[in-house]
Amino acid sequence: MAAQTAPTAPYQAPPSPSGTAGPRRGGRHTVRRARSAIGAHPWAAACFLLPALAVLGALVVYPISWTAVRSLFGADGFAHFVGLGNYTSVFHDPRTLTALRNNALWVVVAPSVATGLGLIFAVLTERIRWGTAFKLVVFMPMAISMLAAGIIFRLVYDQDPGKGVANAVAVGVHDTFAKASSYPGAKPRIGGGLAPSGGGYITTSTVAPGTGAAALPLVGVAPATLSGAQQAAAPTHCPAGAVCGTVWLDFTPGGGGVPGRIDPGEKALAGVQVQAVRDGSAVASATSGRNGTFVLPADKLGTGPVRLSLPAANFTAQFQGVTWLGPTLVTWSIIGAYVWMWTGFAMVLIAAGLAGVPRELLEAARMDGANEWQVFRRVTVPLLAPTLVVVLVTLVINVLKIFDLVYVIAPGSTQQDANVLALQLYLASFGGGNDQGVGSALGVLLLLLVLPAVFFNIRRFRKERTR
């Protein structure tokens, strides 16, 4: 029998890149192009996009358009067309100029500091054992609303050291290095023989050594300062040639007593510095004891009468802390509160970017002799540049719209010193100005300031997608 040959399969042309091969017609392949569901049914795409476009138009496009149109009319609504008059008044208003200056300060300082601290924390937490717990603590302020954070820092910056944490720390550090005065606010009794002198007091008449006890009566001492004070007493023994005397509170509880005389119940002022002054120079000094008495030694007094001086250091007011919310520091203090909140945000994003940095590059740099600072500056930071730009631009957009912290933290007396554009927009429209035309112009101005950062972000995203 003849060998049977296997049937050969008919030749099939390879599919065309632009479509699928169909049956041969007239020696040629008929190509059927693939059609997407969207291309076949454009109404389907419209159905999917329409809800999002409707929401976007209602929440973004319409408010922006209405604000831009409203900015061309006066305070009485659409009845009075003013054109660009609202924009002219905005740039001639000193409050708006202050807001622009403060916004510039915010844009320069707040994002830079928050990003820098976030970078430092992200790098350092990689090397500590409890890095995750530390990140959690730093990020925790992000869980607090701006309103709550404003209330917290309004208390932190309270002027009273008994309430404000910032001033409690400032007073504690100050008093560690500079001793507080003994009796702040104390002053001599009228007719007590003492006159003001350079912030302190000096006797109006001279005292000759060895002529008896000198009386230095004071009033105006806070009762809390005299807690545990002893009964004032006259010196029992005065060495020859010395000057002795008593410093006391010349006030008898319940009334009575003779001015200028030590009466029962009158308290001694201990720890008061007393100086003997001759020809404008202090020749001797002493400190009053627990019963208020003092002794100026004869060997330092020399001969001749002297005048007794109570230096200003005895009466200067105690350090009450820093005026954090005053005109000078209010903006910086609010920026500090913002940095406290957003450093955690920056740290988390930078830490995520740091996790993607190839460790081989860092080890190679170390093997080439680079120290840790060089590795950080020459390798880590350049590789993290895209992440740092994301964080920085995001925070710039955020601070341009800052409102809550400024409105809550800044007291009414310094609110204008801390003013920003968003706050000025609110004040002009609803906070007493009642001029929504000017407020709308401020809103358009704020939008124009934010748009460059938004366009920068969009352009950067497109570049990253094409890589």
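A. Expanded view of the overall build of the protein. Within the protein, the secondary structure is distributed over 15 helices and 11 strands. Taken over the C-alpha trace, the protein has a radius of gyration of 40 Å; the compact-globule value for 467 residues is 23 Å, which it surpasses by more than 25%. Across its three principal axes, the protein shows a C-alpha extent of roughly 155 × 75 × 40 Å. Within the span of the protein, comprising 467 residues, buried residues form 35% of the whole. In the protein, the share of contacts with a sequence separation of at least 24, taken over all contacts with a separation of at least 6, comes to 67%. Taking the average location of the 34 positive side-chain charges in the protein and that of its 19 negative ones, the two points are 17 Å from each other.

B. Structural context of the sheet that holds strand β10 (residues 293–296). Spatial ordering of the open sheet is given by β3-β6-β7-β10, a layout of 4 strands whose pairing is mixed. Two strands lie at the open edges of the sheet, namely β3 (187–188) and β10, each paired on one side alone.

C. Up close: the sheet that holds strand β11 (residues 307–310). Pairing in this open sheet of 5 strands is antiparallel, and the strands run β4-β5-β11-β8-β9 from one edge to the other. If you trace the sheet from one side to the other, it starts and ends with β4 (194–197) and β9 (281–287), each paired once. Going from strand to strand, the sheet's axes swing by 30° on average, the running direction of each strand aside. For β4 and strand β5 (residues 200–203), the ladder comprises 4 bridges, and the chain directions are antiparallel. Note that in β5 the partner of proline 196 across the bridge is tyrosine 201.

D. Structural view of the confidence of the model for the protein. Summing up the model confidence of the protein, the mean pLDDT is 85 and the portion of residues at 70 or higher is 91%. Note on residues 1–9: pLDDT under 50 across the span, and 0 contacts to partners over four residues away in sequence or across chains. Per-residue pLDDT stays below 50 along residues 16–27; that stretch engages in 21 contacts with residues further than four places along the chain or on separate chains.

E. Structural view of the state of the cysteines. A full pass over the atoms with the stated rule returns 1 disulfide. Put simply, cysteine 238 and cysteine 244 are joined by a disulfide, and their sulfur atoms are 2.1 Å apart. Disulfide cysteine 238 to cysteine 244: torsion about the S-S bond roughly 95°, handedness right-handed.

F. Molecular detail of the environment of leucine 97. Relative to the helices and strands, leucine 97 resides in helix α4 (residues 94–124). Accessibility expressed as a relative area gives 41% for leucine 97, which makes it partly exposed. Spatially, the C-alpha atoms of leucine 97 and leucine 421 are 9.2 Å apart, while their sequence positions differ by 324 residues.

G. Geometry of the pairing of β5. Taking every second residue as pointing to the same face, both faces of β5 are buried, with Gly200 and Ile202 on one and Tyr201 and Thr203 on the other. Counted between consecutive antiparallel strands, the loop separating β4 from β5 contains 2 residues, among which glycine 198 sits at a positive phi close to 60°. Bridge count between β5 and β11: 2 bridges; the pairing is antiparallel. Its bridge partner being in β11, isoleucine 202 is matched across the sheet by serine 309.

H. Layout of the pattern of salt bridges. In this structure the tally under the stated criterion is 6 salt bridges. The closest approach of N and O atoms between arginine 95 and aspartate 93, which form a salt bridge, is 3.1 Å. Aspartate 93 sits in the buried class, given a relative accessible area of 16%. One salt bridge connects arginine 261 with aspartate 263, and the closest N-O pair in it is separated by 3.0 Å. A relative accessible area of 46% places arginine 261 in the partly exposed class. Residues joined in a network through salt bridges with shared partners are Glu363, Arg366 and Glu372.

I. Spotlight on the packing of helix α2 (residues 42–70) against helix α15 (residues 436–466). Close contact between α2 and α15 brings their axes to 8 Å; oriented N to C, the two are set at 125°. One finds that α2 runs oblique with respect to α15. Crossing of α2 against α15: the hand is left-handed. Judged by residue contacts, Ile64, Trp66, Thr67, Ala68 and Arg70 of α2 engage Gln436, Gly437, Ser440, Val444 and Leu447 from α15. Counted by class, the contact of α2 with α15 contains 5 nonpolar, 4 polar and 1 charged residues.

J. Structural detail: helix α11 (residues 372–383). Taking 1.5 Å per residue, 12 residues should reach 16 Å; α11 reaches 15 Å between its end C-alpha atoms and fits that length. Residues of α11 that are buried: Val375, Phe376, Val379 and Thr380. Down the axis of α11, the sector holding all buried residues measures 125°, keeping them to one side. In α11, those exposed residues whose orientation departs by more than 90 degrees from the buried face are Trp373 and Arg378.

Thresholds, definitions, all that
- Residues numbered from 1 in each chain as written.
- Predicted model: local features only at pLDDT ≥ 70, side-chain atom pairs only at ≥ 80, totals over all residues.
- Heavy atoms only, no water.
- Helix = DSSP H or I, 4+ residues; strand = E, 2+ residues; numbered from the N terminus.
- Rg over C-alpha atoms; globule rule 2.2 N^0.38 Å.
- Buried < 20%, exposed > 50% of the residue type's maximum accessible area, 1.4 Å probe, protein only.
- Contact = heavy atoms within 4.5 Å.
- Lys, Arg positive; Asp, Glu negative; His and termini not counted.
- Charge placed at Lys NZ, Arg CZ, Asp CG, Glu CD.
- Pairing = 2+ DSSP bridges.
- Axes fitted to C-alpha atoms, helices over the stretch in contact; angles between N-to-C directions.
- pLDDT = per-residue confidence, 0-100.
- Disulfide = S-S within 2.5 Å.
- Salt bridge = Lys/Arg side-chain N within 4 Å of Asp/Glu carboxyl O.
- Parallel < 35°, antiparallel > 145°, perpendicular 65-115°, else oblique.
- Left-handed = near helix turned anticlockwise from the far one by under 90°.
- Nonpolar A, V, L, I, M, F, W, Y, C, P; charged D, E, K, R; others polar.
- Expected span 1.5 Å × (residues − 1).
- Arc of directions from axis to C-beta.

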